[in-house]
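Take a look at the letters that make up each chain.
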There are 2 protein chains.
Amino acid sequence: MAASTLTEVARLAGVSPATASRVLNGSARKPGQDIADRVRQAADSLGYIPNAQAQGLAKSSSGLIGLIVHDIADPYFAAIARGVQEAAREQRKMVLLATTGGAPAEEREAVAAFAARRADSIVIAGSRSSQPENQEGNAELAAELDRYCRNGGRVAVVGHPVVGATAPEGYHVVAVPNQELAAALAGKLASGQDGDFVIIGGPDGLFTSDDRIRGFQEGLAAAGRKPAEVLRTAFNRAGGYEAGLKLADMIKARQAESRQADSGEEAGRGKLCIFAVNDVMAIGAAAALREQGLRIPRDATIAGFDDIETLRDFRPALSTVRLPLEEIGRLATRATAPGGASAREPGENGSGSTEAGPDGGRQQPITGEVTLRRSTETTA
Amino acid sequence: MAASTLTEVARLAGVSPATASRVLNGSARKPGQDIADRVRQAADSLGYIPNAQAQGLAKSSSGLIGLIVHDIADPYFAAIARGVQEAAREQRKMVLLATTGGAPAEEREAVAAFAARRADSIVIAGSRSSQPENQEGNAELAAELDRYCRNGGRVAVVGHPVVGATAPEGYHVVAVPNQELAAALAGKLASGQDGDFVIIGGPDGLFTSDDRIRGFQEGLAAAGRKPAEVLRTAFNRAGGYEAGLKLADMIKARQAESRQADSGEEAGRGKLCIFAVNDVMAIGAAAALREQGLRIPRDATIAGFDDIETLRDFRPALSTVRLPLEEIGRLATRATAPGGASAREPGENGSGSTEAGPDGGRQQPITGEVTLRRSTETTA
DNA sequence: AAGCAGTGGGAATGCGCTTTCCCGATACAG
DNA sequence: CTGTATCGGGAAAGCGCATTCCCACTGCTT
C-alpha cells in the first residue's frame with residue numbers, strides 16, 4: 001500500500017487537488033475556513049504525508065542541506081555537525097551527510113550527489129589541501145562547486161577556501177583565524193616557557209595545518225624565540241602518536257645530556273614545548289609520551305588546537321586554542337540561508353597569505369581564544 | 001541558470017529522452033555503443049547531473065537512509081553514525097540525519113520527515129523509554145513507524161524495540177544483550193572486589209539503563225553478593241557527574257568510619273565499586289570523584305558500558321563492556337537493505353523481560369565483551 | 001521469398017505536487 | 001442598475017525523469 005496522495009485527500013474532501021495543496025502546504029492563497037477544515041480532516045484521516053520529492057520537483061528546491069566532513073566520529077567534525085544540524089532545524093531543513101575521509105575526489109563526488117538531490121546548500125568542513133597528489137582532485141572539486149553555485153546552489157566552506165573556486169555568487173567562507181590564533185598561543189607560551197619549541201604538524205600543504213604552523217612560528221619570532229622544529233605527520237591521532245614517539249626519544253636524549261652536563265637539577269633547561277596543530281594529534285602525542293614514561297608537564301609541555309569536547313576529561317588538562325566549533329557549524333549553515341548574513345571578514349589580511357582564488361567569497365568572522373591549562377604549566 | 005536536464009542532453013545528442021535515460025542511468029536495455037557514446041559526451045559537455053528528486057519520483061524510491069540519533073556529537077552516536085554511513089555507502093545511498101535529543105515527539109517528527117522524503121529506510125539509535133511522560137509520544141512514534149513500514153519503508157532500531165510498534169514487515173531490531181553483558185561484567189567485578197557495589201543509572205524507564213541495571217544485579221546475585229544501591233540520574237555526563245558528587249560524600253564518610261573502627265589499614269573493607277550504565281556517565285562520575293580529591297581505583301573502582309572511542313585516552317583506563325558500535329550501525333543499516341540479512345536472535349530470552357510489542361521484529365545478534373582495565377584494579 | 005522473433009529506438013504516459021491561468025460569483029463604485 | 005475589481009475555487013500545464021507500449025528494421029527459419 002503506497003502512501004496516500006494529495007489527490008486522494010482532495011477527492012475525499014470533495015475539492016480539487018489545487019485547493020488541497022493550498023491548504024496543506026503554505027501557499028499565498030488561503031482557502032476558506034470551512035474548506036480548509038474539511039481538507040485538513042481528510043488529510044488526517046488518510047494519514048497524508050506530502051511527498052517531499054514531488055514538492056521539490058515542482059518547486060525546484062529540496063529543503064536539504066548537504067554536509068561534508070572527513071569523519072563524523074571525529075569530535076571536531078561532530079561538534080561542527082551539531083551546529084549545522086541546529087541551524088538546519090532553524091531553517092526547517094534536513095541535513096544530508098557525506099563523509100569523505102578528506103579525499104578531494106570523494107568530496108567532489110559528494111558535491112555532485114548533493115547537487116543531484118538539489119540540496120539547497122552545502123557546507124564543507126575539513127581542511128583543504130594543496131598537496132600535489134590532490135591537485136587534480138581539488139580542481140575538479142572546485143569545478144563541481146562552481147557549477148553547483150552557478151545553478152543557484154549556496155556553499156559554505158569552513159576554514160580555508162577551496163583552491164581554485166572562482167567564488168561565484170553564493171560561495172561563502174567561514175574563515176578561522178588559524179594563523180593569528182596560533183601566533184597568540186605561541187606568544188603566551190613563549191612568555192612562560194624557556195625550553196625549545198617543537199611543532200607537530202600535518203602533511204605539508206594542508207592549509208589548516210600550515211596556517212597554524214606559520215602563525216606559531218611568527219608568534220615565536222615576535223617573542224624573540226628561535227623557530228620551532230616541525231615534524232610532519234598524519235593529521236590525526238595516529239600521526240600525533242607517531243610524532244610523540246619520536247619526541248620521546250628526543251626528550252630522553254636531552255635529559256640524559258642535560259644531566260651529564262650540569263650534574264644537577266637544571267633539567268628544565270632543554271625542556272621541550274610541543275605544539276600539535278590540533279587536539280587530536282596532541283592527544284596522540286601525549287599518549288605516546290606517557291607510554292614512554294614521560295610526564296606532562298614535567299618532562300615536556302604540550303598544547304593543541306580546537307578545544308574539542310573530548311578535552312574536558314583528558315588529563316593533564318590540555319592547553320589549546322578554543323574554537324567555537326558548534327558556532328562555526330551554525331554560522332556556516334546560516335551563511336547559506338537565503339537571507340543569510342555575509343559580513344566580509346573585516347580587516348588586515350596579516351601576512352597576505354590568503355591564496356584563495358580571485359576572491360575568497362563572503363566571509364564570516366570567527367573568534368577563538370587561547371586557553372592555557374595544566375599541560376603547559378611550568379612551575380608548581 | 002538551472003541545471004541542464006536529460007531532455008537537453010537528448011536533444012544535443014540527437015536522440016530521444018528515453019534513449020538518453022537508458023544510457024545515462026542503469027536501465028535494463030542497453031542502447032547501441034555509438035549512441036551511448038554520443039549521449040555520454042553530450043551529458044559531459046553539458047555537465048549534466050541527473051535530478052535525483054525526479055528520479056525518485058519516477059521510481060518511487062529515493063536512495064536515502066534516515067538516521068535518528070539523540071546527539072550526533074555524543075561519541076556513542078557518532079560511532080554508530082560512522083557505521084551507518086559506511087553501510088550506506090555500500091548501498092550507494094546517502095544518509096539523512098536527524099537529532100532529537102531523545103524526545104519521542106521529535107523522533108516521531110523525524111520519522112514523518114523521512115517518510116515525506118521517501119527515505120528507503122530508517123535507522124533509529126538511542127534508547128527507548130517507557131517513562132509515563134513519554135507514553136503518548138511513544139505511541140505516536142510507534143504509529144508513525146507502523147505507517148512508514150506499511151508503506152513499504154524499512155526500519156531498524158538499535159537496542160530496544162519501539163514500544164507499541166506492531167512489528168510489521170520491514171521492522172528490524174538490532175538487539176544489544178545489555179542485560180547479559182551487564183551480568184557478565186558484574187560477575188567479573190565481583191570476583192575481584194570485596195567492596196559494596198553502587199550503580200549509577202539513568203532515569204527510571206529508560207530501557208537501556210534498566211536492562212543494564214537489572215543484568216548487573218543479577219550478576220551480583222549469581223556471585224552471591226547483595227544487590228547494589230541504585231542512583232538515578234540523567235543519562236549523560238552531567239548526570240554521572242552529579243551522582244559522582246554524591247558518591248564522593250559517601251566514600252569519604254565510609255573512609256572516616258572505617259579508619260575510626262579499625263584504626264588501621266583495612267580501608268579496603270568498605271571500598272565502593274561503581275557501575276555507571278554508560279561510559280559517558282562513568283566519565284562524569286570519575287571527574288566528580290577526582291575533583292573531590294578521590295582517586296581511582298584507590299578510593300573507589302568504577303566501570304562503564306559501551307567502550308566509546310573517547311575512553312582510549314581517558315585515565316585511569318576505564319573498565320567497561322565493549323560494544324561494536326560501528327558494527328552495530330552497519331548491521332542496522334544492512335538489515336534495512338532490500339536483501340538485508342535478518343537472522344532472528346537465536347535462543348533464550350533470559351528473564352523474559354522483552355516487553356516489546358507482539359513481536360520484536362527481526363533481530364540481529366550482537367556480541368559485546370567485558371573489558372577490565374585499570375579503573376577496577378584492586379591490587380597493585 | 002514470405003513470415004518470424006528479436007532488436008533498438010521513439011512517443012507517450014505518469015510519478016505527486018505547485019502554480020499559473022481561467023472563470024463564476026460576489027462586492028463595490030459610479 | 002450596470003461595469004469593474006476582487007475573491008475563491010477548479011482545470012491544466014508542467015517540474016525531470018523512468019517506463020510501457022509501439023513501430024521500423026534486421027537477420028533468421030522453413
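Predicted model only: the values in this text are computed from it and were never measured.

Draft legend 1. Up close: the protein's contact with DNA strand C. Around DNA strand C sit 25 residues in total, of which A:L6, A:S21, A:Y48, B:T19 and B:R29 are the nearest. Note that a phosphate oxygen of DNA strand C is positioned 3.0 Å from one of the side-chain N or O atoms of A:Q55. A distance of 3.0 Å separates a phosphate oxygen of DNA strand C from a polar side-chain atom of B:S16. Of all the secondary-structure elements, those providing two or more residues to the surface near DNA strand C are helix 2 (17-24) and helix 4 (52-59) of chain A together with helix 2 (17-24) and helix 4 (52-59) of chain B. No other element matches the four residues that helix 4 of chain A contributes to the surface near DNA strand C. When its residues are assigned to classes, the surface near DNA strand C shows twelve nonpolar, eight polar and five charged.

Draft legend 2. Main features of helix 3 (residues 33-46) of chain B. All names here are of chain B. If you check helix 3, its first and last C-alpha atoms are 20 Å apart, about what 14 residues at 1.5 Å a residue would give, namely 20 Å. Residues of helix 3 that are buried in the fold lie against helix 1 (6-13) and helix 2. Just downstream of helix 3 lies G47, where phi reads positive at about 65 degrees.

Draft legend 3. Here's a closer look at the interface of chain B and chain A. Listed as interface residues are 53 residues of chain B and, on the opposing side, 53 residues of chain A. Approximately 4800 Å² of surface area, both sides summed, lies buried where chain B meets chain A, with 51% of it carried by carbon and sulfur atoms. B:D313 serves as the salt-bridge partner of A:R237, at 2.7 Å between the closest nitrogen and oxygen. Here chain B and chain A share 16 residue pairs in polar contact (both at pLDDT 80 or more) between them. Residue assignment for the side of chain B that touches chain A shows that the elements contributing at least two residues are helix 4, helix 5 (75-90), strand 2 (94-99), helix 6 (104-116), helix 7 (135-150) and helix 11 (279-291) of chain B. Looking at the side of chain B that touches chain A residue by residue, the class counts come to 28 nonpolar, eleven polar and 14 charged. Taken together, the three bridges between strand 2 (residues 94-99) of chain A and strand 2 of chain B define a ladder with antiparallel strand orientation. Each bridged residue has a counterpart across the sheet, and for A:V95 the counterpart in strand 2 of chain B is B:L97.

Draft legend 4. Inspection of the packing of aromatic side chains at higher detail. Residue and element names in this part refer to chain A. Taken as a whole and assessed by the stated rule, the structure comprises eight aromatic pairs over all chains. An angle of 10 degrees between the planes, with centres 4.3 Å apart, marks the rings of F216 and F275 as stacked. With a gap of 59 residues between them, F216 in helix 9 (residues 207-222) and F275 in strand 8 (residues 272-276) connect regions that are remote in the sequence. With relative accessibility at 0%, the residue F216 sits in the buried group. When its relative accessible area of 0% is taken as the criterion, F275 is described as buried. Through a chain of ring-to-ring contacts, the aromatic side chains of F197, F216, F275 and F305 assemble into a single cluster.

Draft legend 5. View of the nonpolar core. Counting 138 residues, the largest nonpolar core has A:F216 and B:F216 as its most contacted members. Apart from the residues lying within four places of it in its own chain, the contact partners of B:F216 are B:A182, B:A183, B:L185, B:A186, B:L189, B:F197, B:I199 and B:F275. Membership of the second largest hydrophobic core comes to 54 residues, among which are A:I49, A:L96, A:A115 and A:Y171.

Draft legend 6. Representation of the relation of the copies chain B and chain A. Laying chain B over chain A is done by rotating through 180 degrees and shifting 0.1 Å along the axis; what remains is an RMSD of 0.1 Å. The superposition of one copy onto the other is thereby described by a two-fold rotation axis. Judged by C-alpha distance, B:L96 is the residue of chain B that lies nearest the rotation axis, at 2.3 Å. Both copies contact each other with a shared surface, as 100% of the interface residues of chain B are interface residues in chain A too.

Draft legend 7. Quick look at the confidence of the model for chain A. All names here are of chain A. A residue-level look at chain A finds 89% of positions with pLDDT of 70 or above and a mean pLDDT of 87. Per-element averaging of pLDDT across chain A places strand 11 (residues 362-365) at the bottom with 61 and strand 10 (residues 320-322) at the top with 98. The low-confidence segment residues 342-361 (pLDDT under 50) makes 32 contacts with residues lying over four places distant or belonging to another chain.

Draft legend 8. Region of the structure containing the protein's contact with DNA strand D. Around DNA strand D, a shell composed of 25 residues is seen, among which A:T19, A:R29, B:L6, B:S21 and B:Y48 lie nearest. Atoms of DNA strand D within 4 Å of the protein belong to the sugar or the phosphate in 59% of instances, the rest to bases. At a separation of 3.1 Å, a phosphate oxygen of DNA strand D approaches a polar side-chain atom of A:S16. If you list the elements that add at least two residues to the surface near DNA strand D, you get helix 2 and helix 4 of chain A together with helix 2 and helix 4 of chain B. The element that contributes the greatest number of residues to the surface near DNA strand D is helix 4 of chain B, accounting for four residues.

Cut-offs and rules
- Residues numbered from 1 in each chain as written.
- Chains lettered and ligands numbered in written order.
- Predicted model: local features only at pLDDT ≥ 70, side-chain atom pairs only at ≥ 80, totals over all residues.
- Heavy atoms only, no water.
- Near = heavy atom within 4 Å.
- Polar contact = N/O pair within 3.5 Å; in protein donor to acceptor, adjacent residues only side chain to side chain.
- Helix = DSSP H or I, 4+ residues; strand = E, 2+ residues; numbered from the N terminus.
- Nonpolar A, V, L, I, M, F, W, Y, C, P; charged D, E, K, R; others polar.
- Expected span 1.5 Å × (residues − 1).
- Contact = heavy atoms within 4.5 Å.
- Buried area = accessible area lost by both parts, 1.4 Å probe.
- Salt bridge = Lys/Arg side-chain N within 4 Å of Asp/Glu carboxyl O.
- Pairing = 2+ DSSP bridges.
- Phe/Tyr/Trp six-rings, centres within 6.5 Å; stacked < 30°, edge-to-face > 60°.
- Buried < 20%, exposed > 50% of the residue type's maximum accessible area, 1.4 Å probe, protein only.
- Core = buried A, V, L, I, M, F, W, Y, C linked by side-chain atoms within 4.5 Å.
- Least-squares fit on C-alpha atoms with pLDDT ≥ 70 in both.
- pLDDT = per-residue confidence, 0-100.

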